[in-house]
Each structure stands twice: as structure tokens, then as C-alpha cells.
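The lines below spell out each chain.
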Amino acid sequence: MRFIRTKAVVAGLGLALSLAACGDAGSDSEGPEIEVKEDAASEFEDGTRMKELAEAGSIKIGVKFDQPGLGFKDAASDTPTGFDVEMAKILAADLGIAEDDITFVETISDNREPFLQDGTVDLVLASYSITDERRQVVGQAGPYLVTGQQILVKSDSDIESVEDVKGIEVCSVTGSTSLENIEAEGATGVGLDTYSDCAQKVLDGSVDAMTTDGTILAGLAAQNEGELKVVGEEFSEENIGVGYPKEATEMCQWIVDTITAANEDGDWEAAFESTLGPSGVDTPDFPEMDSCES
């Protein structure tokens, strides 16, 4: 068997730099040692998308590039890092595809469905909340993470919870459930392409707050230590899953089985602790998987 050692920079470069400033430099965390299956194609039935990918020996996976701890890449990095990225590597390894044969494609919230529909990517792991509406146009399996929406503000802000954002402008990304949720709470939603754009708007005072999953906000707060803070309790439940082409229905059970196996052998927990753990997020319980039956 071949093995790959997946690398996860501690909640992205920004957090690594903040740790260095605190005298804890060079603490890159390693993800799980993942077995890359040999002759994986023989395990899949003819005509399945999994067999096609295994025979091709390569895969294109859509991930975020602007979410420290989940999917993050800067100009100095060759590949993105984060929990979503680690889960993508686990799925690829089950197909016999090593990290070097994965093409990571930057995927923003607004193009996740189009990328799956037009074949730009084979899978999407990009803080992708599972919803009934999305399942009308693409396949979604999981979840491999359950999180909740919170608020990110400047460190000197008086905003303490979602109750304080009624009537004010709050940023999130276009096409996200977070934008819909915050508007339902009475805020004026401001949609931008990326979470880093939103964080910059909060930093420069263009908007009073931004919102998305608490795990993402924790990474952004760590990246801007002393300038930003996460406030309030979670006010939604987001089930983060894997997107796949709707017509490839056979992929659902394969994804569920592979993620479940990753939990059983400890890879899921190791992936979480090496990516989101250093930002102060406690390792949650492994989530219950949705059924793949229609």
C-alpha cells in the first residue's frame, strides 16, 4: 500500500504568523496518514463515476481559498489547506488518487452548482451547506461537519449577538445560506464574492459585521488577532457536505461510506484537530450521515 501524509497549516498562514508572534513558530500540524488504495478501480462497478476517476488517476475538486481552517490558499502556497481540503484528500485516496494528482479549483459560494453541472470540478468541498434547494440541481452527501452561524465584528464593537444586527448592514458571500439567514434576522445583507472581502469590509468600517459558520469566523478572527472577534451564540445549524454531479447518484453512498470509515479509523478527528483545532474550536461529535435513499 502507498500512504500520503496530508499537511494542514495551522488554521492558515495568518494564524501561523500570529502563533509565531507569540513564540510558537513552526508548529505546522500534520493531518492523518491516509492510505492511498492501490488498484482502486477494481473495487468499483463498471460505468460508475468512481471507477472512471480511479482509472483516470486524477480528480478536480472545488474548495474555498479564503477560509482559514477550512480552505485557504495564499500566493506563497502551492496547495490550499484546511479541513475541507483534508476531507477531499481522504475521498481521493479511496479512489487511489494521491495528493499530487488532485487539482484543487478555487470555488466561491456562487459557482458551486455551476461548476458541478458543467464539469469544471468532479466534487465540491467548500463549506457547502446541504439544503433541499441545492439537492434539486446537484447531489449532496454527508454531512461531515455540523456547525452554526455566528457574527464577526471589530474587537471594539458593541455588537454582542444576532439580536444587535437588526437594521444594520451585515456582510456575507453571495449565494450562501448565511446571507439569507441574516436577512431573516432583520439585517441588511451585503453580498460579496469571498469571505476575505467581507472581513476587510469589517476591518475598514464599511460594514458593522459579517456572518457565516462559526468555524470560518474563528479562522478569520485568528488571522486578524486583536482586530476581530466572534460574538453571540450560534443561530442556525449548517450541515456541511460534499457536492457531486446530480446524475452520478452512485457517488452518494461511496462518499458516505468513505467518510464514515475515516471516522472509524481516526482520520476524520485527526483532520479536524490539525486544521480547526488550533483556532480554538473544540472537536465536535461525528455527525449522523444523511441517507442516500430518495
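J.: Let's hear about the sheet that holds strand E10 (residues 169-173): which residues, and what values?
T.: Taken together, the 5 strands give an open sheet; going across it, the order is E11-E10-E12-E9-E13, and neighbouring strands pair in mixed fashion. Lying at the two open borders of the sheet, with one neighbouring strand each, are strand E11 (188-192) and strand E13 (228-231). When the angles between neighbouring strand axes are averaged without regard to direction, this sheet yields 35°. Across 2 bridges, the pairing between E10 and strand E12 (residues 209-213) is parallel. In the strand pairing of E12, valine 170 is matched with alanine 209. Set on the sheet, helix H6 (residues 195-203) makes contact with strand E9 (149-154), E10, E11, E12 and E13; between it and E12 the angle comes to about 150°.

J.: Account for the pattern of salt bridges, with residues named and values stated.
T.: Inspection of every chain in the model, using the stated rule, returns 9 salt bridges. Glutamate 86 is paired through a salt bridge with lysine 89; the nearest N and O atoms lie 3.3 Å apart. With glutamate 86 and lysine 89 both in helix H3 (residues 83-94) and 3 residues apart, this pair spans about one turn of that helix. Each member of the pair, glutamate 86 together with lysine 89, is buried. Residues glutamate 113 and arginine 134 are paired through a salt bridge, measuring 3.5 Å at the closest nitrogen-oxygen approach. Pair noted here: glutamate 113 is in helix H4 (residues 112-118) and arginine 134 is in the loop between strand E7 (123-129) and strand E8 (139-147), with a separation of 21 residues, a long-range link.

J.: Any chance you could break down the packing of H3 against helix H9 (residues 267-275) for me, citing the residues and the numbers?
T.: Taken N-terminus to C-terminus, the directions of H3 and H9 make an angle of 150°; their axes are 9 Å apart at the nearest point. In this view, H3 runs roughly antiparallel relative to H9, as classed from their interaxial angle. The element H3 and its partner H9 pack so that their crossing is right-handed. Contacts from Phe83, Glu86, Met87 and Ile90 of H3 reach H9 at Asp267, Trp268, Ala271, Phe272 and Thr275.

J.: Could you give an account of the sheet that holds strand E3 (residues 59-63), naming the residues involved and the relevant values?
T.: With respect to topology, 5 strands assemble into an open sheet ordered E6-E3-E7-E14-E8, the strand pairing being mixed. At either margin of the open sheet sits one strand with a lone partner, and together these are strand E6 (102-106) and E8. The sheet shows a mean angle of 25° between the axes of neighbouring strands, taken without regard to direction. Strand direction decides the pairing type here: E8 and strand E14 (residues 238-244), joined by 6 bridges, are antiparallel. Pairing of threonine 147 across the sheet is with glutamate 238, part of E14. H3 contacts E3, E6, E7, E8 and E14 of the sheet and is inclined by roughly 145° relative to E7.

J.: Outline the state of the cysteines, listing residues and values.
T.: Under the counting rule described, the total for this entry stands at 2 disulfides. Here cysteine 171 is linked by a disulfide to cysteine 198, with a sulfur-sulfur distance of 1.9 Å. The sign of the S-S torsion, about -65°, decides the handedness of the disulfide formed by cysteine 171 and cysteine 198: left-handed. A residue pair is termed long-range when its members are at least 10 positions apart, and cysteine 171 in strand E10 and cysteine 198 in helix H6 qualify at 27 residues. Across this residue pair, the class does not change: cysteine 171 and cysteine 198 are buried. Regarding the disulfides, the protein chain carries the connectivity 1-2, 3-4 under sequence-order numbering of its bonded cysteines.

J.: Before we move on, could you go through the nonpolar core and cite the residues and values that matter?
T.: Among the nonpolar cores identified, the biggest contains 63 residues, and Phe83, Leu123, Tyr144, Met210 and Ile255 are the most heavily contacted of them. In terms of residues, this core owes the most to one element, H3, which gives 8 residues. Beyond its immediate chain neighbours, meaning those up to four positions away, methionine 210 contacts Gln150, Ile151, Leu152, Val170, Cys171, Tyr195, Cys198, Ala199, Val202, Leu217 and Leu220. Among the nonpolar cores identified, the runner-up in size contains 12 residues, and Ile151, Val162, Ile168 and Ile182 belong to it.

J.: Report on the packing of aromatic side chains, specifying residues and quantitative values.
T.: Overall, the coordinates contain 5 aromatic pairs when judged by the stated rule. Ring centres of phenylalanine 83 and tryptophan 268 lie 6.2 Å apart, and the angle between their planes is 80°; on these two criteria the pair is classed as edge-to-face. With phenylalanine 83 in helix H3 and tryptophan 268 in helix H9, the pair connects residues that are 185 residues apart, well separated along the chain. Considered together, phenylalanine 83 and tryptophan 268 belong to a single accessibility category, that of buried residues. Both rings, one in phenylalanine 83 and one in phenylalanine 272, keep their centres 5.4 Å apart while their planes meet at 75°; by these two values the pair is edge-to-face. Of this pair, phenylalanine 83 sits in helix H3 while phenylalanine 272 sits in helix H9, placing them 189 residues apart in sequence.

J.: Outline H3, listing residues and values.
T.: A rise of 1.5 Å per residue sets the reference length of H3, with its 12 residues, at 16 Å; its end C-alpha atoms lie 17 Å apart and thus fit the reference within 8%. Among the 12 residues in H3, 12 count as buried, and that is most of the element. Of the residues flanking the end of H3, it is glycine 96, one or two places downstream, whose phi is positive at about 80°.

How each quantity is defined
Residues numbered from 1 in each chain as written. Predicted model: local features only at pLDDT ≥ 70, side-chain atom pairs only at ≥ 80, totals over all residues. Heavy atoms only, no water. Pairing = 2+ DSSP bridges. Helix = DSSP H or I, 4+ residues; strand = E, 2+ residues; numbered from the N terminus. Axes fitted to C-alpha atoms, helices over the stretch in contact; angles between N-to-C directions. Contact = heavy atoms within 4.5 Å. Salt bridge = Lys/Arg side-chain N within 4 Å of Asp/Glu carboxyl O. Buried < 20%, exposed > 50% of the residue type's maximum accessible area, 1.4 Å probe, protein only. Parallel < 35°, antiparallel > 145°, perpendicular 65-115°, else oblique. Left-handed = near helix turned anticlockwise from the far one by under 90°. Disulfide = S-S within 2.5 Å. Core = buried A, V, L, I, M, F, W, Y, C linked by side-chain atoms within 4.5 Å. Phe/Tyr/Trp six-rings, centres within 6.5 Å; stacked < 30°, edge-to-face > 60°. Expected span 1.5 Å × (residues − 1).

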